[in-house]
Amino acid sequence: MKLNVLYFAWVRERIGIASESVETQAGSINELIDELCAREERYAAAFSDRSVLRAAIDQTLVPFEATLTDATEVAFFPPMTGG
Amino acid sequence: MKLNVLYFAWVRERIGIASESVETQAGSINELIDELCAREERYAAAFSDRSVLRAAIDQTLVPFEATLTDATEVAFFPPMTGG
Amino acid sequence: MSVHVQTDDFDLGAEVSKLSSDPSVGAVVSFTGIVRDAAQSGLISMELECYPGMVEQALNDIEIKARNRWDLKASVIIHRIGNLKLGEQIMMVATASPHRQDAFEAAEFLMDYLKSEAPFWKKEHFQDHAKWVDARETDLQSLKRWQD
Amino acid sequence: MSVHVQTDDFDLGAEVSKLSSDPSVGAVVSFTGIVRDAAQSGLISMELECYPGMVEQALNDIEIKARNRWDLKASVIIHRIGNLKLGEQIMMVATASPHRQDAFEAAEFLMDYLKSEAPFWKKEHFQDHAKWVDARETDLQSLKRWQD
């Protein structure tokens, strides 16, 4: 499965890129994070505390247990601070 | 005691004047209303239901039991509808 | 802190800009009251009367109460009098604070007090008759929530 | 009902005027968020980032929720992105209703949802460092009051 993965705010800064194409067999958001963390230290640093992160699948907020079936875009970011 | 008495909104319309000077010995707002009602029908009509009226002594809202000692200006009006 | 009773219209955007000059102001809440015809009853205009000697003091007192209760850096109350056509602005309040909750609560408080304690009266004018607006029981209820 | 995400500034007075064209609108409440320096810490500017594909839909969803819950005749949400200097306007919401309580509650509801569910992030820039703004626990508390 090929995913477009996006990073925002300090997640983007720590990983160093705003988006990338990821080839993965991960079944859930949590498994996708495990795969990314295994790649390189900068991912492990960005995802070190999952409780301070949020995720969206195809532009809808989801819990980290959410399955990636039919997903095309996954985004990771800190809690929102608009307004 | 000489009082400047003011009327607003439909109280003014029913009595037919916006203000008048009143020579009175009334001790309270209630007694002043009694005196005015005894004068002419238009006052009795305006003051027929005291529960729908408000009064101010020297520009401060007061209950109808308030005494008129040292008062110089008394105003009668319906409940406010600003905003 | 300022209060104005006037026949002229006002510029909401300009008033809000003035309130945000303090660098600690992060939140401004405004309320604008407009002459409306809720019941499609053919309302043409609204006549606004006030008790001139009492009204400024009453509005000042209300503003001071709000300032004592919330962290306000600035606030303004503007209320028009005279004859206003359907759709015209009647009045505004605006509150400026570092915190949005303070700005919201103070604006609601100002409105509740203004509705029930500021000496203004409204008369609705229709094609063939006119009618003084009745005070609403719900406005008094609204006021009570600040008095516990 | 409209939502806008833009780099340009906005005109609060003009936006509120647009909302009051319906003759049944008697009350408009607005909230304006401004770049502030609450702690006198020498803040120079605020950088606003958003998730472009997601943000309009998120704001539309929030507006629809408000419209389903209160008697709103019109509403608007405008949120800026980019680099904003101290004192500049960040965003506004405004709600128009026949009733002031509906306008107030809907505006607070929009703000609470926007703070916690719209994909925006703020970074504060100082003379010699920069810092991402942390989400506040009190904002989540504020959101919960609408969910009973």
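What counts as what
Residues numbered from 1 in each chain as written. Chains lettered and ligands numbered in written order. Predicted model: local features only at pLDDT ≥ 70, side-chain atom pairs only at ≥ 80, totals over all residues. Heavy atoms only, no water. UniProt positions renumbered as here; feature names shortened; annotations may be inferred. Core = buried A, V, L, I, M, F, W, Y, C linked by side-chain atoms within 4.5 Å. Buried < 20%, exposed > 50% of the residue type's maximum accessible area, 1.4 Å probe, protein only. Contact = heavy atoms within 4.5 Å. Phe/Tyr/Trp six-rings, centres within 6.5 Å; stacked < 30°, edge-to-face > 60°. Helix = DSSP H or I, 4+ residues; strand = E, 2+ residues; numbered from the N terminus. Salt bridge = Lys/Arg side-chain N within 4 Å of Asp/Glu carboxyl O. Lys, Arg positive; Asp, Glu negative; His and termini not counted. Polar contact = N/O pair within 3.5 Å; in protein donor to acceptor, adjacent residues only side chain to side chain. Buried area = accessible area lost by both parts, 1.4 Å probe. Nonpolar A, V, L, I, M, F, W, Y, C, P; charged D, E, K, R; others polar. Pairing = 2+ DSSP bridges.

The name given to chain C in an unreviewed UniProt entry is Molybdopterin synthase catalytic subunit, and the organism recorded there is Paramylibacter kogurei. Taken directly from UniProt, the Catalytic activity (unreviewed entry) text for chain C runs: "2 [molybdopterin-synthase sulfur-carrier protein]-C-terminal-Gly-aminoethanethioate + cyclic pyranopterin phosphate + H2O = molybdopterin + 2 [molybdopterin-synthase sulfur-carrier protein]-C-terminal Gly-Gly + 2 H(+)". In the Subunit (unreviewed entry) part of its UniProt record, chain C is described as follows: "Heterotetramer of 2 MoaD subunits and 2 MoaE subunits. Also stable as homodimer. The enzyme changes between these two forms during catalysis."

Caption draft 1: Geometry of the nonpolar core. Counting 69 residues, the largest nonpolar core has C:Val93, D:Leu59 and D:Val93 as its most contacted members. In this structure, D:Val93 is in contact with D:Val29, D:Ser30, D:Phe31, D:Val76, D:Ile77, D:Ala107, D:Leu110, D:Met111 and D:Leu114, ignoring residues within four places of it in sequence.

Caption draft 2: Molecular detail of the packing of aromatic side chains. In total, this model carries 26 aromatic pairs over all chains according to the counting rule given. Considering the side-chain rings of A:Phe47 and A:Phe76, the 4.9 Å spacing of their centres and the 80° angle between planes classify their relative orientation as edge-to-face. With A:Phe47 in the loop between α3 (41–46) and β3 (54–57) and A:Phe76 in strand β5 (residues 73–77), this pair connects stretches of sequence that are 29 residues apart. As far as the burial class goes, A:Phe47 and A:Phe76 line up, both buried. Aromatic side chains C:Phe31 and D:Phe104 sit 5.6 Å apart centroid to centroid with 20° between the ring planes, which places their arrangement in the stacked category.

Caption draft 3: Just the pattern of salt bridges, in detail. The final tally for this structure, using the stated rule, is 32 salt bridges over all chains. Put simply, C:Asp9 and C:Arg80 hold a salt bridge, and the shortest N to O gap is 3.4 Å. Taken together, the positions of C:Asp9 in the loop between β1 (2–6) and α1 (12–19) and C:Arg80 in strand β4 (residues 74–80) put the pair 71 residues apart, joining distant regions of the chain. Residue classification places C:Asp9 among the partly exposed positions, given a relative accessible area of 44%. Under the relative-accessibility criterion, C:Arg80 is labelled buried at 5%. The closest approach of N and O atoms between C:Asp139 and C:Arg136, which form a salt bridge, is 3.7 Å. Given a relative accessible area of 9%, C:Asp139 falls into the buried group. Each of the salt bridges in this network shares a partner with another, and the network as a whole consists of C:Arg100, D:Glu108, D:Asp112, D:Arg136, D:Asp139 and D:Arg145.

Caption draft 4: Representation of the side chain of D:Glu63 in the model. Residues and elements named next belong to chain D. Within the secondary structure, Glu-63 sits in helix α2 (residues 52–69). Arg-67 provides the closest opposite charge to the buried, salt-bridge-free Glu-63, at an N-O distance of 6.9 Å. Engagement of the side chain of Glu-63 in a polar contact is seen with the backbone nitrogen of Ser-2, the distance being 3.4 Å. Among all residues touching Glu-63, those that are not within four sequence positions of it are Met-1, Ser-2, Val-3, Ser-75, Val-76, Ile-77 and Leu-110.

Caption draft 5: Layout of the interface of chain B and chain C. At the junction of the two partners, chain B supplies 18 residues and chain C supplies 24 residues. Buried surface at the junction of chain B and chain C, both sides included, amounts to about 1700 Å², of which 59% is carbon and sulfur. For chain B, the biggest contributors to the area lost against chain C are B:Met80, B:Thr81 and B:Gly83; these three give 40% of the whole. There are 2 salt bridges connecting chain B and chain C. The salt bridge involving C:Glu49 is made with B:Arg12; its shortest N-O contact spans 2.4 Å. Summed over the shared surface of chain B and chain C, the result is 11 residue pairs in polar contact (both at pLDDT 80 or more). Counting residues per element, the ones that place at least two in the side of chain B that touches chain C are α1 (9–15) and β5 (73–77) of chain B. Ranked by the residues each element gives to the side of chain B that touches chain C, the list is headed by α1(B), at 4 residues. For the side of chain B that touches chain C, the per-class residue count stands at 11 nonpolar, 4 polar and 3 charged.

Caption draft 6: Quick look at the interface of chain D and chain C. Contact with chain D, which involves 34 residues of that partner, is made by 34 residues of chain C. For the pair chain D and chain C, the summed buried surface comes to about 2700 Å²; carbon and sulfur atoms form 53% of the total. Looking at the side of chain D facing chain C, the largest losses of area belong to D:Ile34, D:Arg100 and D:Phe104, adding up to 24% of the total buried there. The partner of D:Arg100 in a salt bridge is C:Asp112, and the shortest N-O contact between them spans 2.5 Å. Put simply, chain D and chain C have 15 residue pairs in polar contact (both at pLDDT 80 or more) between them. Those elements that place two or more of their residues in the side of chain D that touches chain C are α1 (12–19), β2 (27–34), α3 (100–117) and α4 (137–144) of chain D. Class assignment for the residues of the side of chain D that touches chain C results in 16 nonpolar, 10 polar and 8 charged. Pairing of strand β2 (residues 27–34) of chain C with β2(D) involves 7 bridges; the strand directions are antiparallel. Bridge pairing in β2(D) places C:Phe31 opposite D:Val29.

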